[in-house]
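Examination of the molecular architecture
These are the residues of each chain, in order.
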Amino acid sequence: MVSTAGTVLEIAGLRVRVGGRSVVEGLDLELRAGEATALVGRSGSGKSLTARALAGLLPEGAERSGTARFTGADGAVVDLMALPPARMRALRGPGIGYAFQEAQASLNPTAAVGAHLAETLKAHGVPRAERRERGTDALRAVGLEDPEGLWRAYPFELSGGQAQRVALALACVLGPRLLVADEVTSALDPVTQAGVLDMLRARTAEGGSLLLITHDLAVAARWADRVAVLDGGRIAESGPAAEVLRSPPPPLHPGAGPGRGARRRHALPGARRRPVSAAIELAGVSRRLGGRRRRVEALSGVDLAVGEGEAVAVVGPSGSGKSTLVGVAALLDRPQSGRVGAFGASDVWALPERERRALRRRIGWIPQDALSSFDPRHTAGRAVADALPAGTRRREAADRVAGLLERVGLDPAMAGRRPTELSGGERQRVAVARALAVRPSVLLADEPTSGLDVLAQERVLDLLAAESRGRTLVMVTHDLRVARRMAGRLLVLDGGRSVADVPAATAPAEAERTAPVLARMIEATP
């Protein structure tokens, strides 16, 4: 289903410089009506900055040059690089829709979801009487249940996957001619991911164009007509998806993916049996989120005991309570009912705050949304250094920061950059380095590789597997290949409840009997 009715965007000689560094260098690319084009490449190759340059959304201090000739639905042609800010703002929405990689960071935490949608529609002249209906239709189109309830929800009340779909609904609500989707499915389970991508792909049948930025080659192969491979800020190869991905160029190396032979190479201590002593224990935990207007039972009577040295993966659909569980296990969020035990303390919330803080220092936490977890004023080096044990001397701290950045596959020189000067994948690896800096007894990893290309993902998973030896690991992931690689057990959540707790090795065989939701995820996994 490919139409060649014309060119929507023709990019020639695009260059982007950030902080004096050349990030995108001489990029040429054509986006056609009726087609989906996937822009793929390793973390830090310039994918997101390319898209931001086209939409006029580069970070402060960044410079761009080149031409980007955009053809609107009325046939009018404009150069995006030469448009004044006011005209660019008018074009964003009905002309170009942009869904950001860091969805939570792109939403105003003080405004409800409905206010975001209504403001967008108002800015482009949609009558007040139509705004709610069009907004809820957009939420429904991206697979969000209860759009009326979500209309009143605030961003902090959403799961990572829900926030990602809200950001996508905002990008789609005005029916843009060109939709830029920057890693919009990285936080979604396989079933939800397929539904969202089917919806995006169907939009191209109406003559629109889709620029799909993704690190997932399976997504590019299934949903894109054409693929452009970005490496070091340049197009290394482009063409029909079937041809490019039949024998991908070196920047991709799909053979390094997470599911190939990994279990044999990374058998974790505790993976074959459940140790007697529990490092983290949740008993009958319930956690409600929201305020007076909307309350959600994010967790309902969940039990989980993770032994010392054991590795457990928490899986389930988007919005099932996975990240909420991690927040409770990290001793950051107090449940409304149930008991949380850690490191021999049977009920941590019965302890004085001083003792609870001491327990938290034994936990390394890798958040799903790395950008929101950093102070934007601080450099990456300071973010990691602040997590080092108290009393670490300055010279030792500098050496340890450099070593940790190297271990996660980053140049130690990146220690001097601020979060906005890093790619999404680079920020995610800084978050991993920060979690390891505390030398934790327990690692809690919430989608630690969701924004990484296959090579960076492989390196981080190797590192986490090595660091987990002798430590307890609880990993939230929507990727069942990663879950089976890294963990001996799978805890399956659905609707805030634990619906299965099964050995990872036998999960496929037991899925239909124990948890239909797991069976659907297995079926949808490429």
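We now turn to the structure provided with this report. (Residues numbered from 1 in each chain as written. Predicted model: local features only at pLDDT ≥ 70, side-chain atom pairs only at ≥ 80, totals over all residues. Heavy atoms only, no water.)

1. Let's talk about the pattern of salt bridges
Convention followed: We define a salt bridge as a side-chain nitrogen of Lys or Arg found within 4 Å of a carboxyl oxygen belonging to Asp or Glu. Numbering of helices and strands starts at the N terminus; helices are DSSP runs of H or I of at least 4 residues and strands are runs of E of at least 2. Burial here depends on accessible area, computed with a 1.4 Å probe over protein chains only, as a share of the maximum for the residue type. Under 20% is buried, over 50% is exposed, and the range in between is partly exposed.
Following the criterion strictly, the structure yields 20 salt bridges and no others. Taking the shortest distance from any N to any O, the salt bridge between Arg339 and Glu281 comes out at 3.6 Å. With Arg339 in strand 14 (residues 337-342) and Glu281 in strand 11 (residues 278-290), this residue pair connects regions lying 58 residues apart in the sequence. Judged by its relative accessible area of 30%, Glu281 is partly exposed. The partner of Arg377 in a salt bridge is Asp375, and the shortest N-O contact between them spans 2.7 Å. Residue classification places Arg377 among the exposed residues on the basis of a relative accessible area of 62%. A relative accessible area of 24% places Asp375 in the partly exposed class. A single salt-bridge network, built from bridges that share partners, covers Glu353, Arg356, Arg357 and Arg360.

2. Some remarks on the nonpolar core
Selection criterion: Only buried Ala, Val, Leu, Ile, Met, Phe, Trp, Tyr and Cys residues count toward a nonpolar core, and they belong to the same one when joined by side-chain atoms within 4.5 Å. Two residues form a contact once any of their heavy atoms are found within 4.5 Å.
Within the largest apolar cluster, 52 residues are counted, with the highest numbers of intra-cluster contacts made by Val430, Val432, Leu464 and Met486. In terms of residue count, the dominant contributor to this core is helix 16 (residues 424-437) (7 residues). For Val432, the contacting residues outside a window of four places in its chain are Ile366, Val408, Val460, Leu463 and Leu464. Formed by 39 residues, the second largest nonpolar core is a distinct cluster that contains Leu168, Val173, Ala181 and Leu197.

3. Some words on unusual backbone geometry
Positive phi is not limited to glycine here, since Glu183 has a value of about 50°. If you trace the backbone, Glu183 turns up in the loop between strand 7 (178-182) and helix 8 (190-203). Although it is not a glycine, Glu447 sits at a positive phi angle of roughly 50°. Within the secondary structure, Glu447 is located in the loop between strand 16 (442-446) and helix 17 (454-467).

4. What about the packing of aromatic side chains?
To keep things clear, this is the line we draw: Any two of the Phe, Tyr and Trp rings considered here, Trp counted by its six-membered ring, make a pair once their centres fall within 6.5 Å; the pair's planes then place it as stacked at under 30 degrees, edge-to-face at over 60, or tilted in between. Charges are assigned to positions over rings by a cutoff of 6 Å between ring centre and Lys NZ or Arg CZ, combined with an angular limit of 35 degrees from the ring normal.
A full pass over the atoms with the stated rule returns 2 aromatic pairs. Ring plane angle 40° and centroid distance 4.6 Å describe the contact between Tyr98 and Phe100, whose orientation is recorded as tilted. Given the relative accessible area of 9%, Tyr98 is considered buried. Across from the ring centre of Phe343, 4.0 Å away, lies the NZ or CZ of Arg362, which sits over that ring.

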